[in-house]
Amino acid sequence: FQLVELPALVPGDEGRFVFQEGSAELVRNCDGLILMVDLSDRSVEQLDQVLAELARLRVTTTRLQSNVSISRTRAGGLQLIAAGRLVGCTRDDADSLLKSYGVTNAIVRVTGDVSLDDIEDVILDNSLMYKPGIVVANKADLPDTRRNSRRLQDQVGSRMPVLVASCLTGLGLSDLGKKLFETLNIARVYTKEPNALSPSPEPFVIEKGTTVGELSRRIHSALFRQFKYARVWGKSVSYPGERVGIDHV
């Protein structure tokens, strides 16, 4: 993980709090958000202020029913991965639209019902953008913070995980890494060359739902072009070392 600490929100117009200069771009380009509030103060109000400012930037921490993400690559052409369906258009239509905006090498992921307008909004940076988030409620070491903690948990509900923590004593911080993996929906995959005795100690960190084909392209474009099969160990196969095809998740 690369953690980037943003400056605190500052008072803006009409009594609202706003991000400082440069923060908005970092928020829109990151993979996820840690929203930190102070349990000894107005933690619920603090969170509401942050969420309101995110909404102004058209960023939401609530998972969308449909979503489009475009990850540009250096080579390999356009690869459309649809966990949902294209509405009112075909894959060729989507390819043509992307290429008309100069997007020629990218992995495009689609969930839910998505139209050409939805794809164009993402290209033009006009769409509502989903960023998975974790609320870290700090200063739990101080007395009389349980009431604020309960209020915060009630306010957030099931929208985001809440980690009650203390940066002073370290309470809760050992759980942060696990929660980040769960919230960002990522996994480690360890690759092993044929005839090697053990896998590489350095894993690829991938989004859950990634196919063998996507991973092979990421390793090397030639491996993707010449792909025949892969052998996989883990929960995604019926037995250790099972041979799988390029579309295996």
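Look up: the structure comes first, before these words.
Because the structure is a prediction, the values reported are computed rather than measured. (Residues numbered from 1 in each chain as written. Predicted model: local features only at pLDDT ≥ 70, side-chain atom pairs only at ≥ 80, totals over all residues. Heavy atoms only, no water.)

Things to note about the overall build of the chain
Now for step 1: If you tally the helices and strands in the chain, you get eight helices and 16 strands.
Now for step 2: Counting only C-alpha atoms and orienting by the principal axes, one finds that the chain spans roughly 60 × 45 × 30 Å.
Now for step 3: For the chain, the proportion of its 249 residues judged to be buried stands at 35%.
Now for step 4: Long-range contacts, defined here as pairs at least 24 residues apart, represent 64% of the contacts in the chain between residues at least 6 apart.
Now for step 5: Counting only carbon and sulfur atoms, one obtains 49% of the accessible surface of the chain, whose full area is about 15,800 Å².
Now for step 6: Side-chain charges in the chain split into 31 positive and 31 negative, and the spacing between the mean points of these groups amounts to 7 Å. (Helix = DSSP H or I, 4+ residues; strand = E, 2+ residues; numbered from the N terminus. Buried < 20%, exposed > 50% of the residue type's maximum accessible area, 1.4 Å probe, protein only. Contact = heavy atoms within 4.5 Å. Areas by Shrake-Rupley, 256 points an atom, 1.4 Å probe, with all protein chains shown as cover. Lys, Arg positive; Asp, Glu negative; His and termini not counted. Charge placed at Lys NZ, Arg CZ, Asp CG, Glu CD.)

Things to note about the environment of Gly32
Now for step 1: Within the element layout of this structure, Gly32 appears in the loop between helix H1 (23–29) and strand S3 (33–38).
Now for step 2: Linking Gly32 and Ala106, residues 74 residues apart in sequence, is a C-alpha distance of 20 Å.
Now for step 3: The contacts of Gly32, once residues within four sequence positions are left out, are Pro132 and Leu184.

Concerning the sheet that holds S3
Now for step 1: Reading across the sheet, the three strands line up as S3-S11-S12 and stay open at both edges, with parallel pairing between neighbours. If you trace the sheet from one side to the other, it starts and ends with S3 and strand S12 (162–164), each paired once. Averaged over all neighbouring strand pairs, the angle between strand axes comes to 25°, with direction disregarded.
Now for step 2: Sheet topology note: the strand S11 (residues 133–138)/S12 ladder contains three bridges and is parallel. (Pairing = 2+ DSSP bridges. Axes fitted to C-alpha atoms, helices over the stretch in contact; angles between N-to-C directions.)

Let's talk about the packing of aromatic side chains
Now for step 1: Under the defined criterion, the tally for this structure stands at one aromatic pair.
Now for step 2: The cationic tip of Arg217 hangs over the ring face of Phe224; the distance from NZ or CZ to the ring centre is 4.1 Å.
Now for step 3: In this arrangement the basic side chain of Arg243 is found over the ring face of Tyr229, its NZ or CZ atom lying 4.0 Å from the centre. (Phe/Tyr/Trp six-rings, centres within 6.5 Å; stacked < 30°, edge-to-face > 60°. Lys NZ or Arg CZ within 6 Å of the ring centre and 35° of its normal.)

Thoughts on the pattern of salt bridges
Now for step 1: Throughout the structure, instances matching the rule amount to seven salt bridges.
Now for step 2: For the salt bridge of Arg16 with Glu53, the shortest nitrogen-to-oxygen distance reads 3.6 Å. In this pair, Arg16 sits in the loop between strand S1 (10–11) and strand S2 (17–18) while Glu53 sits in helix H2 (residues 43–56), placing the two residues 37 residues apart along the sequence.
Now for step 3: Residue classification places Arg16 among the partly exposed positions, given a relative accessible area of 34%. (Salt bridge = Lys/Arg side-chain N within 4 Å of Asp/Glu carboxyl O.)

A few points about the layout of surface pockets
Now for step 1: Estimates place the volume of the second largest pocket at around 1,300 Å³.
Now for step 2: In this structure, the second largest pocket is lined by 37 residues; those nearest its centre are Thr191, Lys192, Ala230, Arg231 and Val232.
Now for step 3: Broken down by secondary-structure element, the contributors of at least two residues to the lining of the second largest pocket are strand S13 (186–189), strand S14 (204–207), helix H7 (212–219) and strand S15 (230–232).
Now for step 4: Tallying contributions element by element places H7 first for the lining of the second largest pocket, with four residues.
Now for step 5: Classifying every residue of the lining of the second largest pocket gives 17 nonpolar, twelve polar and eight charged. (1 Å grid on protein atoms, 1.4 Å probe; cavity = no way out; pocket = protein on both sides within 12 Å on 5 of 7 lines; lining within 4 Å. Points joined across faces, edges and corners; volume = space filled by probe spheres on them. Nonpolar A, V, L, I, M, F, W, Y, C, P; charged D, E, K, R; others polar.)

Section: the nonpolar core
Now for step 1: Core analysis: the biggest nonpolar cluster contains 21 residues, and Leu35, Leu47, Leu54, Val59, Val135, Leu152 and Val156 have the highest contact counts within it.
Now for step 2: At the level of secondary structure, the elements contributing two or more residues to this core comprise S3, H2, S11 and helix H5 (146–156).
Now for step 3: The dominant element in this core, judged by the number of residues it contributes, is H2, at five residues.
Now for step 4: For Leu47, the contacting residues outside a window of four places in its chain are Leu35, Val37, Val135, Leu152 and Val156.
Now for step 5: Membership of the second largest hydrophobic core comes to 14 residues, among which are Leu80, Cys89, Val114 and Ile119. (Core = buried A, V, L, I, M, F, W, Y, C linked by side-chain atoms within 4.5 Å.)

A closer look at the sheet that holds strand S5 (residues 67–72)
Within a sheet, neighbouring strands are paired by backbone hydrogen bonds and run either parallel or antiparallel to one another.
Now for step 1: Read across the sheet, three strands follow the order S5-S8-S6 without closing on themselves; strand pairing throughout is mixed. Across the chains shown, the open sheet's two edge strands, defined by having one partner strand only, are S5 and strand S6 (78–82). Along the sheet, successive strands turn relative to each other by an average axial angle of 15°, direction set aside.
Now for step 2: Alignment of S6 against strand S8 (residues 106–111), held across five bridges, turns out to be parallel. Looking at the pairing, Gln79 lines up with Ile107 of S8.

Here's the deal with the packing of H2 against H5
Each pair of packed helices can be described by the angle between their axes along with the distance between the axes.
Now for step 1: Packing of H2 against H5 brings their axes to within 9 Å, and their N-to-C directions diverge by 35°. Two secondary-structure elements touch here, H2 through Ser43, Val44, Glu45, Leu47 and Asp48 and H5 through Asn148, Arg151, Leu152, Gln155 and Val156.
Now for step 2: A class-by-class count of the residues in the contact of H2 with H5 yields four nonpolar, three polar and three charged.

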